[in-house]
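Topology and contacts: notes
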Amino acid sequence: MFNSLKLTGLPIEIGTGGLTKYNRTVQGLPKTHWLDDADCVGKSTPTRLKIKTHQPLLITCFGRGGRQKAAPNKRLPICHNPLKPIKGWLTGDIAKHKTHGIGRITLRSRGSFVLTKPDKTQFSVKPIDLKPVFRRDGYLYKFSRVFR
């Protein structure tokens, strides 16, 4: 990869793990990948970095739902997985409920939805009580721990 990047003509620098640890220790930074990869590798690391954020955004590929059309029993499908929007909602949408707060929506074919909050608590909610916050795009966004 280094040789391929060198062919672009852009300035590029590599360093060892020991140099990265030294640079991180001198700066007083915690050991995190988002700081090591971007700021502490190589000899040209400045003596004092200006970090404009202390809470990075973590993006995880979450998918858009299962490919299975129905959850089968021994003989018959016991429920059908809705792939089409129900009342304008899709599984994975983030919504705000007037009582329970913000969470991720899971569709049910019987009309009510499941609202899953970040602490994994689940509530059965009606779609009329929801307001959209974010429409699903196949990724899960959350903030990392704050460091100081």
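Residues numbered from 1 in each chain as written. Predicted model: local features only at pLDDT ≥ 70, side-chain atom pairs only at ≥ 80, totals over all residues. Heavy atoms only, no water.

**Topic: the packing of aromatic side chains**
Considering all chains together, one arrives at zero aromatic pairs under this definition. Geometry around tryptophan 89 places arginine 135 over its ring, the cationic atom sitting 4.7 Å from the centre. (Phe/Tyr/Trp six-rings, centres within 6.5 Å; stacked < 30°, edge-to-face > 60°. Lys NZ or Arg CZ within 6 Å of the ring centre and 35° of its normal.)

**Here we look at the layout of surface pockets**
Estimated volume of the largest pocket: approximately 540 Å³. Contributing to the lining of the largest pocket are 21 residues, with Phe62, Ile94, Arg104, Leu140 and Tyr141 lying nearest its centre. Elements with a minimum of two residues in the lining of the largest pocket: strand 5 (101-106) and strand 9 (139-143). With four residues, strand 9 is the largest single contributor of residues to the lining of the largest pocket. (1 Å grid on protein atoms, 1.4 Å probe; cavity = no way out; pocket = protein on both sides within 12 Å on 5 of 7 lines; lining within 4 Å. Points joined across faces, edges and corners; volume = space filled by probe spheres on them. Helix = DSSP H or I, 4+ residues; strand = E, 2+ residues; numbered from the N terminus.)

**Notes on the confidence of the model for the chain**
Regions with low pLDDT should not have their predicted coordinates read in detail. Overall, the predicted model of the chain reaches an average pLDDT of 80, with 84% of residues at or above 70. Within the chain, strand 7 (residues 122-125) carries the highest mean pLDDT (94), whereas strand 3 (residues 77-80) carries the lowest (66). (pLDDT = per-residue confidence, 0-100.)

**Some remarks on the sheet that holds strand 4 (residues 94-97)**
Taken in spatial order, the five strands of this open sheet run 7-6-5-4-8, and their pairing is antiparallel. Strands at the two margins of the open sheet, each flanked by one partner only, are strand 7 and strand 8 (130-134). Taken over all neighbouring pairs, the strand axes of this sheet differ in orientation by 40 degrees on average, direction set aside. When strand 4 meets strand 5, the two strands line up antiparallel, connected through four bridges. Across the sheet, alanine 95 pairs through a bridge with glycine 103, a residue of strand 5. (Pairing = 2+ DSSP bridges. Axes fitted to C-alpha atoms, helices over the stretch in contact; angles between N-to-C directions.)

**Some points on unusual backbone geometry**
A positive phi is found at lysine 120, a non-glycine position, where the angle reads about 75 degrees. Relative to the helices and strands, lysine 120 is located in the loop between strand 6 (113-116) and strand 7. Since its relative accessible area comes to 67%, lysine 120 is described here as exposed. (Buried < 20%, exposed > 50% of the residue type's maximum accessible area, 1.4 Å probe, protein only.)

**Some points on the nonpolar core**
Within the largest apolar cluster, nine residues are counted, these being Ile86, Trp89, Ala95, Ile105, Leu107, Phe113, Leu115, Val125 and Leu130. With residues up to four places along the chain from it excluded, the contact list for isoleucine 86 reads Leu107, Arg108, Ser109 and Phe113. (Core = buried A, V, L, I, M, F, W, Y, C linked by side-chain atoms within 4.5 Å. Contact = heavy atoms within 4.5 Å.)

**Describing the environment of threonine 99**
With respect to the helices, strands and loops of the structure, threonine 99 is situated in the loop between strand 4 and strand 5. Spatially, the C-alpha atom of threonine 99 lies 8.8 Å from that of aspartate 129, the residues being 30 residues apart in sequence.

**A closer look at the environment of serine 144**
Here serine 144 lies in the segment after strand 9. In this structure, the C-alpha to C-alpha distance between serine 144 and leucine 58, residues 86 residues apart in sequence, is 6.2 Å. For serine 144, the contacting residues outside a window of four places in its chain are Gln55, Pro56 and Leu58.

**Topic: the side chain of serine 112**
Along the chain, serine 112 falls in the loop between strand 5 and strand 6. A relative accessible area of 17% means that serine 112 is categorised as buried. Within the structure, serine 112 has its side chain in polar contact with the side chain of arginine 108 (distance 3.2 Å). Aside from chain neighbours lying at most four places away, what touches serine 112 is Ser124 and Val125. (Polar contact = N/O pair within 3.5 Å; in protein donor to acceptor, adjacent residues only side chain to side chain.)

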